[in-house]
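Each chain, letter by letter, is given below.
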Amino acid sequence: MGFFLVMKAELVRTFIIMRRYWFSTLMGIFIGYGMLMALIYGFMNSSAEPTDVGEVASEVGTALESRAADNGFAVNATESALGFMLGMFAFGIVGLFTAGLQGMARTGELEQVCLSPHGLVTNFLARSFVASVNSIITWCILLTLISYSVDSQLHLDIVPLVALLFLTYFNLIGFGFMMGGLVLVFKQIGQVAMIIRLAFIGIPLFVSESIYDWDIAANPFLLVVRGILHIVPSADAAICLKMVLVGGSGYSIFAHPSFFWLIVNGFIWTTIGIACFHYLESWSRQKGTLGAY
Amino acid sequence: MSHEYAVELRDIDKVFHTRHFFTRDEDDNRRRIYHKKTVHAVDHVDLAVKPGEVFGLLGRNGAGKTTSVKMMSGLIKPDSGEVFVDGMEVESNRLKILRKVGVVLEGTRTCIWPLTPLENLAYFGNLRDVRGSVLRTRAEGLLEFIGLKDKMNVQVRRLSRGQKQKLAICIALITDPQVILLDEPTTGLDVQSSRSIKDKVTEMARNQGKCAVVTTHDMSVAQELCTRIAIIDAGKVVTCKPTDELLDVFREQRYEFRLDRTPDVAPLKAIPGVNNVEPLNGQEEPGLLVTYPADQELRSAALYSTIQHLSKEGLVLRSVSQLQQTLENVFLQMTSDKKASL
Ligand SMILES: Nc1ncnc2c1ncn2[C@@H]1O[C@H](COP(=O)(O)OP(=O)(O)OP(=O)(O)O)[C@@H](O)[C@H]1O
Ligand SMILES: [Mg+2]
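Note that the coordinates shown come from a computational prediction; the quantities given were computed from them, not determined experimentally. (Residues numbered from 1 in each chain as written. Chains lettered and ligands numbered in written order. Predicted model: local features only at pLDDT ≥ 70, side-chain atom pairs only at ≥ 80, totals over all residues. Heavy atoms only, no water.)

Engineer: Tell me what's going on with the overall build of chain A, and back it up with residues and numbers.
Structural biologist: Along chain A, the regular secondary structure elements total twelve helices and zero strands. Each helix and strand of chain A, placed in order from N terminus to C terminus, yields the pattern α-α-α-α-α-α-α-α-α-α-α-α. When the 293 residues of chain A are sorted by exposure, 50% land in the buried category. Once local pairs closer than 6 in sequence are excluded, the contacts in chain A between residues at least 24 apart make up 82%. In the structure as shown, chain A presents an accessible area of about 13200 Å², 72% of it carried by carbon and sulfur atoms. (Helix = DSSP H or I, 4+ residues; strand = E, 2+ residues; numbered from the N terminus. Buried < 20%, exposed > 50% of the residue type's maximum accessible area, 1.4 Å probe, protein only. Contact = heavy atoms within 4.5 Å. Areas by Shrake-Rupley, 256 points an atom, 1.4 Å probe, with all protein chains shown as cover.)

Engineer: So what's going on with empty space enclosed by the protein? Residues and values would help.
Structural biologist: To find leftover empty space, a probe the size of one water molecule is rolled over the atoms. All names here are of chain B. One pass over the full model with this rule turns up one cavity of 30 Å³ or more. Here the largest cavity defines a volume of roughly 40 Å³. Lining the largest cavity we find Phe-145, Ile-169, Leu-173, Ile-180, Leu-182, Ile-197, Lys-200, Val-201 and Met-204. At the level of elements, helix H5 (161–173), strand E7 (179–183) and helix H6 (191–208) are the ones that each hand at least two residues to the lining of the largest cavity. With four residues, the top contributor of residues to the lining of the largest cavity is H6. The residue inventory of the lining of the largest cavity, partitioned by class, reads eight nonpolar, no polar and one charged. (1 Å grid on protein atoms, 1.4 Å probe; cavity = no way out; pocket = protein on both sides within 12 Å on 5 of 7 lines; lining within 4 Å. Points joined across faces, edges and corners; volume = space filled by probe spheres on them. Nonpolar A, V, L, I, M, F, W, Y, C, P; charged D, E, K, R; others polar.)

Engineer: Describe the domain arrangement of chain B, listing the residues and the values that go with them.
Structural biologist: With domains assigned, chain B is organised as domain 1 (45–247) and domain 2 (252–323). Placing a centre on the C-alpha atoms of domain 1 of chain B and another on those of domain 2 of chain B gives a separation of 45 Å. (Domains from an automatic or database assignment.)

Engineer: With reference to specific residues and values, describe the interface of chain A and chain B.
Structural biologist: How big an interface is tends to be stated in terms of the accessible area lost upon association of its parts. Each partner contributes residues to the interface: chain A has 31 residues there, and chain B has 35 residues. For the pair chain A and chain B, the summed buried surface comes to about 3100 Å²; carbon and sulfur atoms form 53% of the total. On the chain A side of the interface with chain B, the three residues burying the most area are Gln112(A), Leu115(A) and Arg285(A), jointly 23% of the side's total. The residue Arg94(B) makes a salt bridge to Glu281(A) at a minimum N-O spacing of 3.1 Å. Along the contact surface separating chain A from chain B lie 18 residue pairs in polar contact (both at pLDDT 80 or more). Taken together, the elements giving at least two residues each to the side of chain A that touches chain B come down to helix H1 (2–20), helix H6 (109–114), helix H7 (120–149) and helix H12 (257–287) of chain A. A per-element tally of the side of chain A that touches chain B places H1(A) first, with nine residues. Taken together, the residues that form the side of chain A that touches chain B break down as eleven nonpolar, ten polar and ten charged. (Buried area = accessible area lost by both parts, 1.4 Å probe. Salt bridge = Lys/Arg side-chain N within 4 Å of Asp/Glu carboxyl O. Polar contact = N/O pair within 3.5 Å; in protein donor to acceptor, adjacent residues only side chain to side chain.)

Engineer: With reference to specific residues and values, describe the environment of Pro204(A).
Structural biologist: With respect to the helices and strands, the residue Pro204(A) is situated in helix H9 (residues 189–206). Sequence-wise, Pro204(A) and Leu82(A) are 122 residues apart; in three dimensions their C-alpha atoms are separated by 8.4 Å.

Engineer: Which residues make up the sheet that holds strand E3 (residues 54–59) of chain B, and what values go with them?
Structural biologist: Residue and element names in this part refer to chain B. Pairing is mixed across the open sheet formed by six strands, whose spatial order is E6-E7-E8-E3-E9-E10. The two strands at the open ends of the sheet, each matched to only one other strand, are strand E6 (101–104) and strand E10 (236–242). Each adjacent strand pair in this sheet contributes to an overall mean axis angle of 15°, direction not counted. Of the pairings in the sheet, the one linking strand E9 (residues 228–233) to E10 comprises six bridges and is antiparallel in character. Bridge assignment links Asp-233 to a residue of E10, and that residue is Lys-236. The strands touched by helix H1 (residues 65–72) within the sheet are E3, E6, E7, strand E8 (211–215) and E9, with E3 carrying the most contacts at an inclination of about 140°. Sheet strands in contact with H5 are E6 and E7, and its direction is about 165° off that of E6. (Pairing = 2+ DSSP bridges. Axes fitted to C-alpha atoms, helices over the stretch in contact; angles between N-to-C directions.)

Engineer: Please set out the site of ligand 1 residue by residue, giving values where relevant.
Structural biologist: Not every one of the 17 residues close to ligand 1 is listed here, only the nearest: Gly288(A), Gly62(B), Lys65(B), Thr66(B) and Thr67(B). Site remark: ligand 1 is flanked by residues from chains A and B. Gly288(A) has a polar backbone atom sitting 2.8 Å from a nitrogen atom of ligand 1. Between ligand 1 and the protein, one listed contact pairs an oxygen atom with a side-chain N or O atom of His217(B) at 2.8 Å. If ligand 1 stood free it would expose 640 Å²; the protein chains cover 75% of that surface. Only strand E1 (7–24), strand E2 (31–49) and H1 of chain B provide two or more residues apiece to the shell around ligand 1. (Near = heavy atom within 4 Å.)

Engineer: Quick rundown of the packing of helix H11 (residues 235–247) of chain A against H12(A)? Include the residues and the values.
Structural biologist: For any two helices packed against each other, the geometry is given by the interaxial angle and the distance between the axes. Residues and elements named next belong to chain A. Taken N-terminus to C-terminus, the directions of H11 and H12 make an angle of 140°; their axes are 9 Å apart at the nearest point. Of the possible angle classes, the one that applies to H11 and H12 is oblique. Of the two possible hands of crossing, H11 and H12 adopt the one that is left-handed. Packed against H11, whose contacting residues are Asp-236, Ala-237, Ile-239 and Cys-240, the element H12 presents Ser-258, Phe-259, Trp-261, Leu-262 and Asn-265 at the interface. In terms of residue class, the contact of H11 with H12 is built from six nonpolar, two polar and one charged. (Parallel < 35°, antiparallel > 145°, perpendicular 65-115°, else oblique. Left-handed = near helix turned anticlockwise from the far one by under 90°.)

Engineer: Before we move on, can you summarise a nonpolar patch on the surface with the specific residues and values?
Structural biologist: Taken together, the side chains of Leu156(A), Ile158(A), Val159(A), Val162(A), Phe166(A), Phe170(A), Tyr251(A) and Phe254(A) make up a nonpolar region of the molecular surface, amounting to roughly 770 Å² of accessible area. With respect to the element layout, Tyr251(A) can be found in the loop between H11 and H12. (Patch = residues over 30% accessible without salt bridge, like charges linked within 9 Å, V, L, I, M, F, W, Y side chains within 5 Å.)

Engineer: Give a description of the sheet that holds strand E14 (residues 317–322) of chain B that names residues and reports values.
Structural biologist: Residue and element names in this part refer to chain B. Strand order in the open sheet made by the four strands is E12-E13-E11-E14, with antiparallel pairing throughout. Of all strands in the sheet, those with a lone pairing partner are strand E12 (276–279) and E14, marking the two edges. For this sheet, the mean angle separating the axes of adjacent strands, direction not counted, is 20°. Here strand E11 (residues 254–259) runs beside E14; their pairing, made up of five bridges, is antiparallel. Paired with Phe-257 across the two strands is Val-320, which belongs to E14. Running at roughly 15° to E11, helix H10 (residues 296–312) makes contact with E11 and strand E13 (287–291) of the sheet.

Engineer: Outline the pairing of E2(B), supporting the account with residue identities and numerical values.
Structural biologist: All names here are of chain B. With 14 bridges connecting them, E1 and E2 associate as antiparallel partners. For Thr-18, the partnering residue across the bridge sits in E2 and is Lys-37. Linkage of E1 to E2, two consecutive antiparallel strands, is achieved through a turn of six residues, within which Asn-29 is found at a positive phi near 55°.

Engineer: Go over H1(A), please, and point to the residues and values.
Structural biologist: In an α-helix, one turn spans 3.6 residues, which is why side chains three or four residues apart end up on the same side. With 19 residues, H1(A) ought to run about 27 Å at 1.5 Å a step, and its terminal C-alpha atoms sit 27 Å apart, in line with that. Of the positions making up H1(A), those classed as buried are Gly2(A), Phe3(A), Leu5(A), Val6(A), Met7(A), Ala9(A), Glu10(A), Arg13(A), Thr14(A) and Ile16(A). Where H1(A) is buried, its residues contact H6 and H7 of chain A together with helix H3 (117–127) of chain B. (Expected span 1.5 Å × (residues − 1).)

Engineer: Tell me what's going on with the pattern of salt bridges, and back it up with residues and numbers.
Structural biologist: As enumerated under the stated definition, the model contains 23 salt bridges over all chains in all. One salt bridge connects Arg127(A) with Glu10(A), and the closest N-O pair in it is separated by 3.7 Å. Of this pair, Arg127(A) sits in helix H7 while Glu10(A) sits in helix H1; the two residues are 117 residues apart in sequence, bridging distant segments of the chain. The pair formed by Arg127(A) and Glu10(A) is uniform in burial state, with each residue classed as buried. A salt bridge links Asp176(B) to Lys210(B); the nearest nitrogen and oxygen atoms lie 2.5 Å apart.

Pasting the structure below:
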């Protein structure tokens, strides 16, 4: 099967590059860790405004020492760290289809991929799958480090987690394919895509199960907001993942409305995305923008 | 190959539209908020290449060679007309056809720089559905033949430009394709390597019945390598002939007369049948370069008249020679702005 062959090639390539550039791989993890710790620090200390870096460091230190005292904070912090990671994950996956594809078109690598008899869609499915696995592993390492640092217990229920991660992947690549197709045809979309990608960091950071507790009767507008959140990719995924990993809901997540939304959302986005991509790919061959950017 | 033509373009037309916002137009030097430009890249082209042929596409920069090659591999869709590869229409059988063609595109970054040539071949082989032991033996064979064996385990970013070009050719050949499309394959290659590539292409065409389409700016490559040549200019096919015939078109036309002094050119130009007379300037000996029409009788009469005229003037005729026609001359004459009519 084409998909697996391309996936194998892509895996080997990713692995070789990670090994050959081990320093930047390690630095990536360190930077991720640093960013997350800074974020968590921001959450704990939103009232006191630190003035210089040294102070920040020492305050993080003392805050971490007193972490056990306030378990509510730890849950909250892990939850937002998780949201941030998911946001970064979405940022990366959508970026593969926007900035990544743009770069490939510019260098001519895209034309090479287009010459593959497996087709561009299969190639990009495999590519994004490998990129996802890669970043999920990285984020797992980070998450373990973080939860250790802030002493919060994560609930690692493998089956719900793998199911959720799969669905999240389909949720995101559908959208990615759509953006990717647009980038193929319209060069200017790249800049707009950046804004959308940034929004993808924000959404999973702030949504949580509490959207179901909103008082719709008091403010009908919230119904619209909730509807939008169900439509955009990654919101429901964030809710579910937070519930499983932090809330420990385990298998009961399969009965949760967000899980249902995630399936529907993933299915619809993937279908729309791949259909759009097919159409736009053929259009870009018409316009000759696959190579000349 | 089962079909009469390995590659066939039927009445292909391609117009590119580009949109420009807030730019100064180069043509009339006016600022415009929005300006749509069109380029007629390929203008109703008909070409057919048989299996076993090495077909050359020549033309000036922007003539539409790359666009034609990309249309043969399905990277660009023609606006109208149909492209056939091995009897199959490209647009509706694109993925099938990609298994039969190997393409080297000009100046693009074909390979992945942090990987070595061998890893690149493995990667692109997988992408093109070649795997396992077939892939390994083919990859090593190709690297051996092209002379990259000693650089097999060096990262591509450390290779020279010519070595990268060689790798690009290996990548195109990894599928053992029936149709090989080479867009400026010998750019940046040393004499030995371009020799070995020419030999390989000739061998594949002659012995394995494959067909190759080669675009190049190197006339000697085209003259040596191609069995048939098409010259395109501004998207139109100016001529399409076997290489020998193409060279013949102008062959009997130019004669060099070596004399003891340079005579007056005007009366010679008046001789019926003489197309052009130029004094040989900047040469050691004085002389004339006279151009005659291709038609044999006309030329014969004109040649006699020229010699008679020269002897009447009392000039000493040291030698007369027919100039060897090179592809470069033919090309220049066919694509010059005052195009030779054929
Ligand atoms: N994607 C594109 N969008 C717009 N115009 C294009 C595109 N690709 C090619 N063109 C235009 O089409 C014409 C033919 O281009 P092409 O690349 O086929 O020329 P070429 O014969 O390969 O030239 P060269 O010898 O320089 O490689 C050029 O005028 C070029 O500007
Ligand atoms: Mg070209």
